[in-house]
Structures are given as structure tokens and as C-alpha cells.
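Secondary and tertiary structure notes
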Amino acid sequence: MRKTRIGFIGYGWRAHGYMRVIRELQERMEVAGIFAHTEKSAQMLEKEFPGKIYRNLGDFLEKQYDFIMILVPRQYVLYYLEEVLKKQMFPASMTASFK
């Protein structure tokens, strides 16, 4: 069975719960890429997810994902949602966005 490939935009406190689920179901799911907002986050995440960390959104969105978790503060959700949809990918977010 092919693994479900998940991308993350942002990797704050919300991501940790999702990561527990992915680790429990690692035979069925995998982290395929993470877009990190800061260099500090990118360096920290690179240790756990080597080769899967992106600092450039365009590079991140060129990869193939089954869906992308948007885990950023509310004021940024709409921007990333639009960018993901432009690439005809499936976004998921637990944060409501207001314009």
C-alpha cells in the first residue's frame, strides 16, 4: 500500500499532535515536506527530517503531497491556502481565517 504523503506549512505547537499520529501510523503515512518560516526552525527540523525542509514556498509546493497541513497563525492562513489551491493541491487547516 502506498503511504499518504503529508506536507506541513509551519511547524509550531499544533504540528506536534499530528506528528504523534503520523508516527503511530508510519506504515501508512509519511512527512513528505515541511515549509519552515524561520532559519532557526529549518535548522532544528532538518535534524529530524533530513532533506524534507524547505525555506522557499515555491520549492516546497513543487513536491507531491496527498494533502498539506497549514499550521500557521490566523493572519497567514488565507495567503497559504490560496497558494496551495493555485497548485491544485488539497489543504487542511484547523485555524479559521478572516480577511
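Structural notes, computed from the coordinates.

Criteria and cut-off values
Residues numbered from 1 in each chain as written. Predicted model: local features only at pLDDT ≥ 70, side-chain atom pairs only at ≥ 80, totals over all residues. Heavy atoms only, no water. Helix = DSSP H or I, 4+ residues; strand = E, 2+ residues; numbered from the N terminus. Contact = heavy atoms within 4.5 Å. Pairing = 2+ DSSP bridges. Axes fitted to C-alpha atoms, helices over the stretch in contact; angles between N-to-C directions. Salt bridge = Lys/Arg side-chain N within 4 Å of Asp/Glu carboxyl O. Buried < 20%, exposed > 50% of the residue type's maximum accessible area, 1.4 Å probe, protein only.

Brief notes about the environment of Lys52
- Here Lys52 is to be found in the loop between helix H2 (39-48) and strand E3 (53-54).
- Sequence spacing of Lys52 and Gly33 is 19 residues, and the spatial spacing of their C-alpha atoms is 4.6 Å.
- Excluding residues within four positions of it along the chain, Lys52 makes contact with Glu30, Val31, Ala32, Gly33 and Ile34.

Considerations on the sheet that holds E3
- Spatially, the five strands line up as an open sheet ordered E3-E2-E1-E4-E5, and their pairing is parallel. With one partner strand each, in any of the chains shown, E3 and strand E5 (91-92) form the two edges of the open sheet.
- Where strand E1 (residues 4-9) and strand E2 (residues 29-35) come together, six bridges link them in parallel fashion. Bridging across to E2, Arg5 finds its partner in Glu30.
- Where helix H1 (residues 13-24) meets the sheet, its contacts fall on E1, E2 and strand E4 (67-70), and the angle it forms with E1 comes to roughly 165 degrees.
- Contacting E1, E2, E4 and E5, helix H4 (residues 74-86) runs over the sheet at an angle of about 170 degrees to E4.

Remarks on the pattern of salt bridges
- The full count for this structure, using the stated rule, is seven salt bridges.
- Glu30 is the partner of Arg5 in a salt bridge, and the nearest nitrogen-oxygen pair spans 3.5 Å. Separated by 25 residues along the polypeptide, Arg5 in strand E1 and Glu30 in strand E2 bring together distant segments of the chain.
- Residue Glu39 is joined to Arg55 by a salt bridge in which the shortest nitrogen-to-oxygen separation is 3.3 Å. Of the two residues, Glu39 is situated in helix H2 and Arg55 in the loop between E3 and helix H3 (57-61); the sequence distance between them amounts to 16 residues.

Let's talk about unusual backbone geometry
- Residues other than glycine seldom take positive phi values, yet Gln88 does so here, at roughly 55 degrees.
- Within the secondary structure, Gln88 sits in the loop between H4 and E5.
- By relative accessible area, Gln88 is classed as exposed at 73%.

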